[in-house]
Structures are given as structure tokens and as C-alpha cells.
Amino acid sequence: MTTLTHNPERNCVNSLGIPVDDLTLDLAVDRIINLATLRDGKARLVSTLNVDFLVNSLGTGFSRARHPELLDILRNSDMVTADGFPIIWLSKIVGKPLQQRVCGSDLVPALAERASEKNVSMFLLGGAEGLARRAADVLIENNPGLEIAGTAAPFVQVAGPGLAKCIADDEALVDEINSSGADILLLGLGNPKQELWYNRNRDRLKVPVSIGVGGTFEFITGGVSRAPAWVQRANLEWVYRIVQDPARLWRRYTSGVLKLAALSAPFIANRCMEVISFAGRKASGSDELKWRRMWSSRDQALAVLRLPRLVTATYLEHLVQQVESESYKDGVKLIDFSRVRRIEMAGHQTLFTLSELQRRSGRILLLGMTPGLQRQLAACRVVDVLGRGRGDALSNLEAGLSAGSGQLSCRSYVSDDSALIFLGGNLDAAALKGIAFCECLAQTARDRACIIDLRNVGLLESSAIATFEPFLGAGSKVMFSGVSESTRQMFRVAGLDDAATFVSDQQLIEQISEAAVASSASGILGESA
């Protein structure tokens, strides 16, 4: 079973850069009970997402999040439910509507009922003095047999001068929660306080699952009344709440609506352009997932995949399945986005999975995103999810090569019609002769194009350039990539700048990922050297 937080089985929808699980109330309760009984030593978080969460974490600018830590916590929660109607609305815009709104005030009573049947205990944390205890009493009254492991109403610091000693302040509280043996921790501290408190204590908490429930304790005790069922079904509960407390809530809700409009306008515009782009055009299917394999001189494979112009959700799902499977885990995988014009918004959740696989393996490189594609992903708040290759990203293929060491290093990747050769260190004729470089190059260049990458070269001496001279000129199959200005100047000084062929990183990727000679995905990454 996969251990990924963003595993494909979660079936999520991207809600402005935060994955939301597609769940009904019953499914949410089932999953939480299952998490609560794992007892594998890992603390897990369930977040209930509403507009406040979006506004508090994202802000309205694309260049940076308003609260980067909060955004990261929400993105990496083990489960996220749609607490507010706007989250359902955003999922409909994406074209992948969520089944049901699952808010904290519905989730906690349903969870308490199931917990009483399954002998799962709860700890209630937060609210005004005595509120958690009163909420616990109501839950016990409604669910005889429910075990309440404890309650607490601490003062929690998440900003300001007292932040420096917050870890020490939390220690006694965390010890109390852990010693209670609770299976579920209900965090009624409000957003973002409850998420920040959990995040700074997650490595010390022994409770299997924690849930951010905001002001749910007030609803349970009757301090704040729920709207009638028909009002909830009409998604007008926010109007009911404003009528209850207009002095406090009308400014908050008005501000939230305006900020949501600012956040979602680019999102909606991107969806409109997507519908136009995909209309009447054949989008690439999983049968077009074709990798090209190049073998290294060290028996390590480089697999290159050039993505199509229009990338569907299904295509991305199959891509992740291949990368995650055992037969695809060996070697370095380079995924080229240079031809991509649109990625279907219904598939954006899969980008979170791809990003997690990228971080865990360290052997997946994502290159070639055009400015236009980056703007589209930024509008959907997912451009920062992917660890994209920038500038020197190809140097990741040269593991072990270092310009700073000065010692010559060489690594090559070879296919039927192309060879990619990385050189590192200081290059002179004697060093190249010592590894029989020219003899090997002559043999390799007879029937394939050869690209010599110099991005990790510290000093290219004129004697080394003289060694390259027989391979330069019209009709030569030898090209140079990753050439710095100082290296290019050495070619000029040697009088061979015009004779040499220099290619950009984009041209390099096009050369090694040309689809005409690609092999089908079935089995290509399982070949032997």
C-alpha cells in the first residue's frame, strides 16, 4: 500500500492550491475512525476547509502566499473536507464537483456517534474556559458509552513576543493529551491557530488523528444555533449566521466574499480558456505515454518523457501510476513540459502526487515549463507545488560531477541515435587523453548525434578545445550545451567559435526526447542494459 500523503486513491480536487477530498459525511467518518485505530506512531491531521482558510493562507498575490506555513499544513493534511459552500462551488468550476459539504459542526456529532460504537476516545481542546467540557457533556448525553479522554482550554500563542517560549509552554499540554490515551484530538482553537499549534507539536503528539474543528464546540452546546435544514441545503447558512449576529459578522463575511472573488477570478478565467482549448481537439490519452530511454556509462538509465500539448487528467494519472510502480523506480526520469500549452484543471491534484514522488526519490526532473504555462498554473495556485528545473537543472543528471573539484569527471547517456555526455572539472588535452575521450567520441559519433554538456566545467583550456577540433565544422554530429560565457569565450580565443555548434537546454531536451523514435511505455523502463 502506498505511503504517499497525496496518494492517487484519495480522489481529491484542487481548491485554489489546496487538495480537498471528495467525500460524503459517512465516508469522512469512516476514514477518520480508520486513522484513529492505526496507532502506528504517526500523527495525522484532518482539516475542514472554508473561505477563511483560503484567505488566511493564500492572500491575493500570485508571487507569494500570505501564510506559507499554513498553506503547507493544509496542502499536506492527511484529509481535507469541504467545510464551506464556496469550496463546493470551486470544485464545480474545475469540472470535478465534490459530493457533499462536510463541515465540522456536522462531522463531530457524527464522529462521536461512531466513536461510541467503536470504543474510540476523544480529547476536546480549545474554546473559552469550560466550553470544551460542556461540549463533551452534550456529546456523552447524546452518545452513551462515548469515552471522553479529557478537555482543556489553554492559552495558545502563535504570534508575538511570547512565541519564543511556545514550545516549552506546550510541553505540559502535549503530555496531558498523550497520557490521556485519546484516539482523536478535536482542535477547537480556530484557524490558523489550531493548524499552527498542531504543526509545531506534531512530532510529539501520540494521538493518531487530530481534527481542526474551529467553533464547533459553540454549535454543540447551543451557544450558536445551526440554520434550519432547508437553509443549509440551499447553501444559505452564512446569511442565517449574519442575521443572528450582524454587528460582528457582516464585515467579516463581506470581506471574505470580496477576497474570494479576487482569488477565484483568475481561476475562473483559466477554466474558460481550458474549455476553449480542449473543445473539438483530440487530447492525448495514456496510450501516448512514451518514454525514451538512454543508458549511462555507469549502467544507470535516463528515461525521458516529452508531454503533449494538451495534458488531460487521465494522462497525468497514468503518468503517476507508472512513476510510482516498482518497474519504473530505477534511474533518473526527466519530464519535459516544453510543448505543454494546457493541463486539465481536473488533473491538478495529480501534480501534488507527482511533486511528492519527486521530493521522495530525488530522481525526477521537471523541465521546460513555458511562461504561459506557469501563469496558468499560478492562476490555479499550483505552480509552486512542482520542483521545476531552472537554469542548471540538467546538472542534476551529473551526480558526482563538480566544477569546484577541478578533477575531470565524465558521465554519458546513450540511445540508438543520440548521446549526452557530461564533462566536469578542469579540462585540458592531457586529462581528456587520460580517459581516451577522443577515441570514445569518434566511435560514438559515427552513427548518432553527440551533445557534450560543459555546464559543470570549471576551466576549459585551449588544449582541450584543440582536442575537439576534428569533431567541429559543417556536417559534424557533435554539439555543445551548457556553455557558460567564459567557456564560449575560450572557443572564441581558440578561433573555433564559428566551427562549433552550440545548443540551448531546450534544444538539448528536444534532441533526446524526440518522439519519432520513442518506445511505448509498456516495458521500456524494465529493459536491461
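What counts and how
- Residues numbered from 1 in each chain as written.
- Predicted model: local features only at pLDDT ≥ 70, side-chain atom pairs only at ≥ 80, totals over all residues.
- Heavy atoms only, no water.
- Core = buried A, V, L, I, M, F, W, Y, C linked by side-chain atoms within 4.5 Å.
- Buried < 20%, exposed > 50% of the residue type's maximum accessible area, 1.4 Å probe, protein only.
- Helix = DSSP H or I, 4+ residues; strand = E, 2+ residues; numbered from the N terminus.
- Contact = heavy atoms within 4.5 Å.
- pLDDT = per-residue confidence, 0-100.
- Axes fitted to C-alpha atoms, helices over the stretch in contact; angles between N-to-C directions.
- Parallel < 35°, antiparallel > 145°, perpendicular 65-115°, else oblique.
- Nonpolar A, V, L, I, M, F, W, Y, C, P; charged D, E, K, R; others polar.

Caption draft 1: How the structure looks around the nonpolar core. In terms of nonpolar packing, the biggest core is built from 57 residues, with L49, L54, L307, L319, I335 and F337 touching the most fellow members. For this core, the element with the most residues is helix 13 (residues 313-324), which contributes six residues. Excluding residues within four positions of it along the chain, I335 makes contact with W291, L305, L307, L319, L354, I364, L365, L366 and L367.

Caption draft 2: Main features of the confidence of the model for the chain. Averaged over all residues, the pLDDT of the chain equals 83, while 84% of them reach at least 70. Across residues 399-404 the pLDDT falls below 50, and counting only partners more than four positions away or on other chains, this stretch makes 15 contacts in the model. Contacts from residues 515-529, a stretch scored under 50 in pLDDT, to residues over four places away or in other chains number 31 contacts.

Caption draft 3: Just the packing of helix 3 (residues 68-75) against helix 8 (residues 193-201), in detail. Packing of helix 3 against helix 8 leaves a shortest axis separation of 10 Å and a crossing angle of 80 degrees. As the angle between them shows, helix 3 and helix 8 are arranged roughly perpendicular. Where helix 3 approaches helix 8, its residues E69, L70, I73 and L74 are matched on the opposing element by E195, L196 and N199. In terms of residue class, the contact of helix 3 with helix 8 is built from four nonpolar, one polar and two charged.

Caption draft 4: Focus on unusual backbone geometry. A cis amide bond links N191 to the next residue, P192, at an omega of 10 degrees. Following the sequence through the fold, P192 ends up in the loop between strand 7 (184-188) and helix 8. Phi at N11 takes a positive value of approximately 55 degrees, unusual for a residue other than glycine. Topologically, N11 is positioned in the segment before strand 1 (12-15). You will see that A436, though not glycine, has its phi angle at about 55 degrees, which is positive. Mapped onto the secondary structure, A436 falls in the loop between helix 16 (429-434) and helix 17 (437-444). Classification of A436 by relative accessible area gives partly exposed; the value is 29%.

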